[in-house]
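What follows is each chain in one-letter form.
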Amino acid sequence: MDQLDAALADAEIAAYWTDRGDRPTPREPLAGDDRADLVVVGGGFTGLWAAILAKQQRPDLDVLLLEAHWIGHGGSGRSGGFVSESLTHGLAHGAWLWPAEISRLVTLGRENLQEIEKFVRQEGIEADLRLCGKTSVATAPHEVGELSDEAELYREHGMAARFLGAGGVRADVASPTYRAGLRLPDAGGLVDPARLVWGLAEAAQRLGVRGHEGTPVRGLRRHGAGVRLKVPQGTVRAGGVVLATNAFPTPLRSIRRYVLPIWDYVLVTEPLSAQQWESLGWRDRQGITDSANRFHYYRPTPDGRILWGGYDAVYYFGGRTDARLARHDAAHRNLARNFFHTFPQLDGVRFTHRWGGPIDSTTRSTPIFGCTRGVAYAVGFTGLGVAAARFGAQTALDLLWQQDTERTRLSMVREKPLPFPPEPLRWPLVQFTRRSLAHADADGGRRGRWLRFLDRHRIGLGS
Ligand SMILES: Cc1cc2nc3c(=O)[nH]c(=O)nc-3n(C[C@H](O)[C@H](O)[C@H](O)COP(=O)(O)OP(=O)(O)OC[C@H]3O[C@@H](n4cnc5c(N)ncnc54)[C@H](O)[C@@H]3O)c2cc1C
């Protein structure tokens, strides 16, 4: 058995966060017909925030949340738990797409994070939310200059940014692969995503939101001034609907072509010993991302493990999202190999969990918003929705209630990205783009003709 096989031998195929024995008992599926003023479809961060914000702003509304599987089944319960202040998949990406609005977007992102922090504190949600910022690291020569430019951009927008040379970044976190680092102490932080999901679900219930799990919405139809939702158990009549189905095939067919489920894979180690932590340094216990196209994200967990994810981004023909795809031996092996390459001092550490989940990608790497015939939506957070979901939920409510707000005036909200082409064209194009991204990583960051064409049209394939 080689080092990687041994390290992965006992890893359960389950999301670490939801596999700790404190998962709440699921709410009963809906038992027959029902009606509500507002029906929220999807029990992840977006759906939970939509239900909470709706009740806070209109306490008399009868709000019903319907979740196909269980609350936290999607990205929300399987994520890395990075909490980002960015609404635009990073500051540089937002400044590239919307230079005239980026300052406003930065402010809205910061306010969004402050509101999350305040709510978590007020409700006493124990989700280990720590606004410890993050560090980006360069592991290839061409990434060093990019990080230094990024530092400048953060400072222009009033955020602290410390560019670190190889010695500085390795003194903070000990990896022989680091060539430079960018410490961003104000750039969000980390959370235990499952405990945040469960805490929000309890808070929603305290506010009077009704909820059912095991209740997939199979269809939507306009009915008089409201909407009829088809569920296996019957029909639900709603005054309005918020769709928070993210990477999963949404019942509103017209928006399916905008969101591509790209599978992302994750490992979690056993708890490290005090000596092993000592060998790493990592005193702030912040989240870290590296800077390649095929990047890794990693973080300590509250109980002293390391969560390690990213790198391979896998698309399955037809946009499959079924749970059995959470196992991908080759992707998990690649992750394990890159983990030991980054931290050779952890040789012998074993992984206890491995899993995957569909990333909610759009061609713009930012969500799409809209409202059509009483059905509002905010979907497609492209792997950075743990915090942005709250902003998305509020925007969906603004649109549903036809309110003109600073959110609904944003180009990001008003304008749709290009849709993905339909199958059978989609699969080969996604594969070709993935290969081009890997090739650029191997070729000193040089983007070939295809990627330059996509850049000119502001099209990306993010995760
Ligand atoms: C492996 C992985 C790692 C990630 N890491 C991070 C990270 O570190 N930081 C970050 O910011 N983001 C991360 N993300 C992305 C983040 O998890 C999502 O952007 C975020 O959770 C979006 O929340 P959501 O509520 O919109 O979607 P989800 O959490 O996916 O919730 C959608 C819910 O809708 C339900 N649903 C779907 N269809 C129906 C239907 N027809 N009827 C009823 N219910 C339905 C699903 O079962 C699901 O529970 C990661 C994602 C993955 C997959």
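In this text, all values refer to a predicted model and were calculated from it rather than measured experimentally.

Asker: Explain the overall build of the protein to me, and be specific about the residues and the numbers.
Answerer: Tallying secondary structure elements over the protein gives 14 helices and 19 strands in all. Against the globule reference of 23 Å for 463 residues, the protein gives a C-alpha radius of gyration of 21 Å, in line with a compact fold. Overall, the C-alpha framework of the protein stretches about 65 × 45 × 45 Å when taken along its three principal axes. Buried residues in the protein amount to 51% of all 463 residues.

Asker: Describe the domain arrangement of the protein, listing the residues and the values that go with them.
Answerer: Domain annotation of the protein identifies domain 1 (25-80 + 194-259 + 364-414) and domain 2 (426-456). Just the C-alpha atoms count here: the centres of domain 1 and domain 2 sit 34 Å apart.

Asker: If you had to explain the site of the ligand to someone new, which residues and values would you point to?
Answerer: Lining the immediate surroundings of the ligand are 42 residues, of which Gly44, Gly74, Gly75, Gly357 and Gly385 lie closest. Going through the elements one at a time, helix H2 (45-57), helix H3 (75-78), strand E13 (260-269) and strand E17 (351-361) are the ones with two or more residues in the shell around the ligand. The element best represented in the shell around the ligand is E17, accounting for 4 residues. Counted by class, the shell around the ligand contains 18 nonpolar, 20 polar and 4 charged residues.

Asker: Pulling in residues and values, what's your account of the nonpolar core?
Answerer: With 128 residues, the main nonpolar core has Val39, Val40, Ala50, Ala51, Val242, Tyr377 and Ala396 as its most contacted residues. Among all residues touching Val242, those that are not within four sequence positions of it are Leu38, Val40, Ala50, Ala376, Ala396, Leu397 and Leu400.

Asker: Summarise helix H5 (residues 102-123); cite the residues concerned and give the values.
Answerer: Here H5 spans 31 Å end to end across 22 residues, near enough to the 32 Å set by a 1.5 Å rise per residue. When H5 is considered as a whole, its buried residues turn out to be Ile102, Leu105, Val106, Leu108, Gly109, Asn112, Leu113 and Ile116. All buried residues of H5 fall inside an arc of 170° around its axis, so they share one side. Exposed residues lying more than 90 degrees from the buried face of H5 are Glu111, Gln114, Lys118, Arg121 and Gln122.

Asker: An account of the packing of H2 against helix H8 (residues 193-206) is needed here, citing residue identities and associated values.
Answerer: As a packed pair, H2 and H8 sit with axes 9 Å apart at the nearest point and diverge in direction by 25°. Classified by the angle between their axes, H2 and H8 sit roughly parallel to one another. The two elements H2 and H8 cross, and the hand of that crossing is left-handed. Listed contacts from H8 to Phe45, Leu48, Ala51 and Ile52 of H2 are Val197, Leu200, Ala201, Ala203 and Ala204. Broken down by class, the residue content of the contact of H2 with H8 amounts to 9 nonpolar, no polar and no charged.

Asker: If you had to explain helix H11 (residues 388-400) to someone new, which residues and values would you point to?
Answerer: Helix length check: H11, at 13 residues, gives a terminal C-alpha distance of 18 Å against a target of 18 Å (1.5 Å per residue), a fit within 8%. In terms of burial, H11 is largely enclosed, as 13 of its 13 residues are buried. After H11 finishes, the residue Gln402 shows a positive phi value of roughly 55°.

Asker: Just give me the short version of the sheet that holds strand E16 (residues 306-314), but keep the residues and values in it.
Answerer: Strand pairing in a sheet is mediated by backbone hydrogen bonds. Such pairs are either parallel or antiparallel. Judged by pairing direction, the sheet is mixed, and its 9 strands sit side by side in the order E1-E17-E13-E16-E15-E14-E5-E7-E6 without closing on themselves. What marks the edges here is a single partner per strand, and that holds for strand E1 (12-13) and strand E6 (162-165). Pairing analysis gives 4 bridges linking strand E5 (residues 134-138) to strand E14 (residues 287-290), with the strands arranged parallel. Residue pairing across strands places Ser136 opposite Thr289, the latter belonging to E14.

Asker: Quick one: what's the story with the pairing of strand E2 (residues 34-41), residue by residue and with numbers?
Answerer: Among the 8 residues of E2, 6 are classified as buried, and the element is accordingly described as predominantly covered. As judged from the 7 bridges shared by E2 and strand E12 (residues 234-243), these two strands associate in the parallel manner. The residue of E12 that forms the bridge with Ala36 is Ala238. Two elements, E2 and strand E3 (residues 63-66), share 4 bridges in a ladder whose sense is parallel. Bridging across to E3, Val40 finds its partner in Leu65. A crossover links E2 with its parallel partner E3, the connecting element being H2, and its sense is right-handed.

Asker: So what's going on with the environment of Leu108? Residues and values would help.
Answerer: One can find Leu108 in helix H5. With 22 residues separating them along the chain, Leu108 and Ser86 place their C-alpha atoms 8.8 Å apart. Excluding residues that lie within four positions of it along the chain, Leu108 makes contacts with Leu87 and Phe391.

Asker: Outline the pairing of strand E15 (residues 296-300), supporting the account with residue identities and numerical values.
Answerer: For E15, a buried count of 5 out of 5 residues is recorded, marking the element as mostly surrounded by other parts of the structure. Of the two faces of E15, the one holding His296, Tyr298 and Pro300 and the one holding Tyr297 and Arg299 are both buried throughout. Of the pairings in the sheet, the one linking E14 to E15 comprises 2 bridges and is antiparallel in character. Note that in E15 the partner of Thr289 across the bridge is Tyr297. Connecting E14 to the next strand, E15, in antiparallel fashion are 5 residues.

What counts and what doesn't
Residues numbered from 1 in each chain as written. Predicted model: local features only at pLDDT ≥ 70, side-chain atom pairs only at ≥ 80, totals over all residues. Helix = DSSP H or I, 4+ residues; strand = E, 2+ residues; numbered from the N terminus. Rg over C-alpha atoms; globule rule 2.2 N^0.38 Å. Buried ≥ 20, exposed ≤ 12 C-beta atoms within 10 Å, placed from the backbone. Domains from an automatic or database assignment. Near = placed C-beta within 6 Å. Nonpolar A, V, L, I, M, F, W, Y, C, P; charged D, E, K, R; others polar. Core = buried A, V, L, I, M, F, W, Y, C linked by C-beta atoms within 7 Å. Contact = placed C-beta atoms within 7 Å. Expected span 1.5 Å × (residues − 1). Arc of directions from axis to C-beta. Axes fitted to C-alpha atoms, helices over the stretch in contact; angles between N-to-C directions. Parallel < 35°, antiparallel > 145°, perpendicular 65-115°, else oblique. Left-handed = near helix turned anticlockwise from the far one by under 90°. Pairing = 2+ DSSP bridges. Right-handed = clockwise from strand over helix to strand, strands pointing away.

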